[in-house]
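Spelled out from the first residue to the last, the chains are:
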Amino acid sequence: MITTANRVQGGIFTIMVVRVTDPYDPAFDRDLAEQVARSPGFFADAPVVLDLKDCLGCTSVADYTALKQMLRRHRLIPVGVQNASALQLRAAHAVDLAAFSGAGQNGGRRPAAERSATPPARPRLVTEPVRSGTQIYARGSDLIVVAPVSPGAEVIADGHIHIYGALRGRAIAGAGGDQSARIFVHRLEAELLAIAGRYLVSEAIAPEYLHQPVQVALIDEHLRILPGWSATRSAAAG
Amino acid sequence: MGKVIVVTSGKGGVGKTTTSAAVATGLALRGHRTVVIDFDVGLRNLDLVMGCERRVVFDFINVINGDANLNQALIRDKRIENLYVFPTSQTRDKDALKRDGVDRVMTELKKTFDYIICDSPAGIEHGALTALYHADSAIIVTNPEVSSVRDSDRIIGMLASKTRRAEKREKPVEEHLLLTRYSPERVRKGEMLSVDDVKEILSVPLLGIIPESETVLKASNTGMPVILDADSPAGRAYEDAVARFLGEQREMRFVMPERKNFLRGWFGRAAS
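Residues numbered from 1 in each chain as written. Chains lettered and ligands numbered in written order. Predicted model: local features only at pLDDT ≥ 70, side-chain atom pairs only at ≥ 80, totals over all residues. Heavy atoms only, no water.

### Observations regarding the overall build of chain B
Consideration 1: A count of helical and extended segments in chain B gives 13 helices and eight strands.
Consideration 2: Computed over its C-alpha atoms, the radius of gyration of chain B comes to 18 Å, within 12% of the 19 Å expected for a compact globule of 272 residues.
Consideration 3: Oriented by its inertia axes, the alpha-carbon framework of chain B measures out at about 60 × 40 × 35 Å.
Consideration 4: The proportion of buried residues among the 272 residues of chain B is 54%.
Consideration 5: Sequence-distant contacts, at least 24 apart, represent 73% of the contacts inside chain B between residues at least 6 apart. (Helix = DSSP H or I, 4+ residues; strand = E, 2+ residues; numbered from the N terminus. Rg over C-alpha atoms; globule rule 2.2 N^0.38 Å. Buried < 20%, exposed > 50% of the residue type's maximum accessible area, 1.4 Å probe, protein only. Contact = heavy atoms within 4.5 Å.)

See the structure below:
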């Protein structure tokens, strides 16, 4: 029940940070394109905070407008800025970008792809069948599905994905770049498997793994399917 | 207070209108005051299948727009007491289904009818979504064929998220799977998905299995819902389905291939 007392509450969110150098630099555009292409489904309409620590521009409304257009092309929605100078902040406010504190970042080397490397949040639990056309994304955590995943459905997680049922759709683990993420499936009939941007389509899965319980892991930069629950054997990828 | 049943599928041409007509008739035959509504604006078929196409004066869209009231538009079935048909417009399209108009109509219908069957159009756009919005129950019509199963799965996903019950976090819509155009012989040959295959993929309780039957075409052409055809296996199967919907236990018929029996010629069709 919403009351006056609880109408405005604190919230904690995991948001990606995009480091801006020169908003008009084509290399910036290319970098974003490349990053987005590596993690299908993850970047769709995602909110981002712009880190302006290494940015000399972004001091005018025109700069931000151009930047917003470019980000939108990559399906990213800027919601704020951090490490901004007073001038940058003034222009940012004029285009409805909020100020975020710079304290939450790790040494400013790589954006949140690394930050989500160890997802601390409790796994998300799904107990109803994931129907065709549905997309479930467990941001910053593992995903546990105790039901079948239909063809045409997508289950996505920054951490591991555990499916206690048949996987007939797509499973995308380590969506934020965590290469140690795995996919555990009770019955493999997947359309597509992906971990941290590397993927295997259904056709490429060896027939002996179909309908079987398997683990999928990224080993030496390749997606490997491990039959059963043995962690030590590494069979050839399908 | 009336119960709203949507007959939907996602895929087109699987038997929604045939089913809506048969189920509405079946419920009315059992004494329930029933109305069946055509939501397929622009491509209306329900009036043909119910045999009342020559008595349509006002339709669903007229009532939504306030050009006529409900009593002027509802058509009483000539054969069965308690059964009413609410046809839709052939000249307009799905955009004419205005949300508040539909809400008003449904509220009024719920006051005087026990069951309100909504015959949905195919697809997942405005027409289909409007048809399923008020549902308390859903009959998901599926052919034992891969495209139909995938589309049914999609529409089941929408029943869980795009209905009034889902929005208001009320008890979820009761889902019932109806397998239509089933041919046990083709299943045996491996040409068609079996009941178990479909049940496993969709995970929805099975309401009934309607066998493929020439009598369905005959029913459409004569404007007589197939459940009224005493010689039709499909009609018998619809009767079973209606019984199960009302809580009765009925064994699933028409699931096994018929054994060719030369004695048949002598003793006539065996009851199955």
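There is more to say after this.
### Focus: the nonpolar core
Note on soluble globular proteins: their nonpolar side chains tend to be buried together.
All names here are of chain B.
Consideration 1: Within the largest apolar cluster, 46 residues are counted, with the highest numbers of intra-cluster contacts made by Ile37, Phe60, Phe86, Leu109 and Ile116.
Consideration 2: Setting aside residues up to four positions removed in sequence, Phe60 forms contacts with Ile37, Asp38, Phe39, Phe86, Pro87, Thr88, Leu97, Val102 and Val105.
Consideration 3: Listed in part, the 35 residues of the second largest apolar core include Ile5, Val49, Ile117 and Phe254. (Core = buried A, V, L, I, M, F, W, Y, C linked by side-chain atoms within 4.5 Å.)

### Description of helix H2 (residues 61-73) of chain A
Residues and elements named next belong to chain A.
Consideration 1: Between the first and last C-alpha of H2 there are 19 Å, a value that for 13 residues agrees with the 18 Å anticipated at 1.5 Å per step.
Consideration 2: Residues Asp63, Tyr64, Leu67, Met70 and Leu71 constitute the buried set of H2. Taken down its axis, H2 places every buried residue within 125° of arc, on the same side. H2 presents Ala62, Gln69 and Arg73 as exposed residues on the side facing more than 90 degrees away from its buried surface.
Consideration 3: Lining the buried residues of H2 we find helix H1 (26-38), strand S2 (46-51), strand S3 (76-82) and helix H3 (86-94). (Expected span 1.5 Å × (residues − 1). Arc of directions from axis to C-beta.)

### Concerning the environment of Ser132 of chain A
Consideration 1: With respect to the secondary-structure elements, Ser132 of chain A resides in the loop between strand S5 (124-126) and strand S6 (135-138).
Consideration 2: Look at Ser132 of chain A and you get buried, because its relative accessible area is 6%.
Consideration 3: Considered as a pair, Ser132 of chain A and Asp31 of chain A are 101 residues apart in the sequence and their alpha carbons are 32 Å apart.
Consideration 4: The contacts of Ser132 of chain A, once residues within four sequence positions are left out, are Ser150, Pro151, Gly152 and Ala153 of chain A together with Arg150, Asp153 and Arg154 of chain B.

### Comments concerning the confidence of the model for chain B
Caution applies to low-pLDDT regions: their predicted coordinates should not be interpreted in detail.
Consideration 1: Mean pLDDT over chain B: 93, with 94% of residues reaching 70 or higher.
Consideration 2: Among the prediction metrics, the complex's ipTM stands at 0.80, with pTM recorded as 0.72. (pLDDT = per-residue confidence, 0-100.)

### Here we look at the interface of chain B and chain A
Consideration 1: Contacts between the two partners involve eleven residues from chain B, matched on the other side by ten residues from chain A.
Consideration 2: Of the roughly 840 Å² buried between chain B and chain A on both sides combined, carbon and sulfur atoms contribute 41%.
Consideration 3: If you look at where chain B meets chain A, you find three salt bridges.
Consideration 4: A salt bridge links Glu191 of chain A to Arg150 of chain B, with the nearest nitrogen and oxygen atoms 3.8 Å apart. (Buried area = accessible area lost by both parts, 1.4 Å probe. Salt bridge = Lys/Arg side-chain N within 4 Å of Asp/Glu carboxyl O.)

### Structural notes on the sheet that holds strand S13 (residues 198-201) of chain A
All names here are of chain A.
Consideration 1: What the five strands build is an open sheet, ordered S6-S8-S10-S12-S13; its pairing is mixed. Where the open sheet ends on each side, the last strands, each with one partner, are S6 and S13. Here the average twist between neighbouring strands, direction ignored, is 10°.
Consideration 2: When strand S12 (residues 192-195) meets S13, the two strands line up antiparallel, connected through four bridges. Bridge pairing in S13 links Leu192 to Val201. (Pairing = 2+ DSSP bridges. Axes fitted to C-alpha atoms, helices over the stretch in contact; angles between N-to-C directions.)

### Description of the sheet that holds strand S1 (residues 16-19) of chain A
All names here are of chain A.
Consideration 1: With parallel pairing, four strands are arranged side by side in an open sheet as S1-S2-S3-S4. In this open sheet, the two edge strands, each paired with only one partner strand, are S1 and strand S4 (98-99).
Consideration 2: Of the pairings in the sheet, the one linking S2 to S3 comprises six bridges and is parallel in character. Bridge pairing links Asp51 to Gln82 in S3.
Consideration 3: H2 contacts S2 and S3 of the sheet and is inclined by roughly 140° relative to S3.

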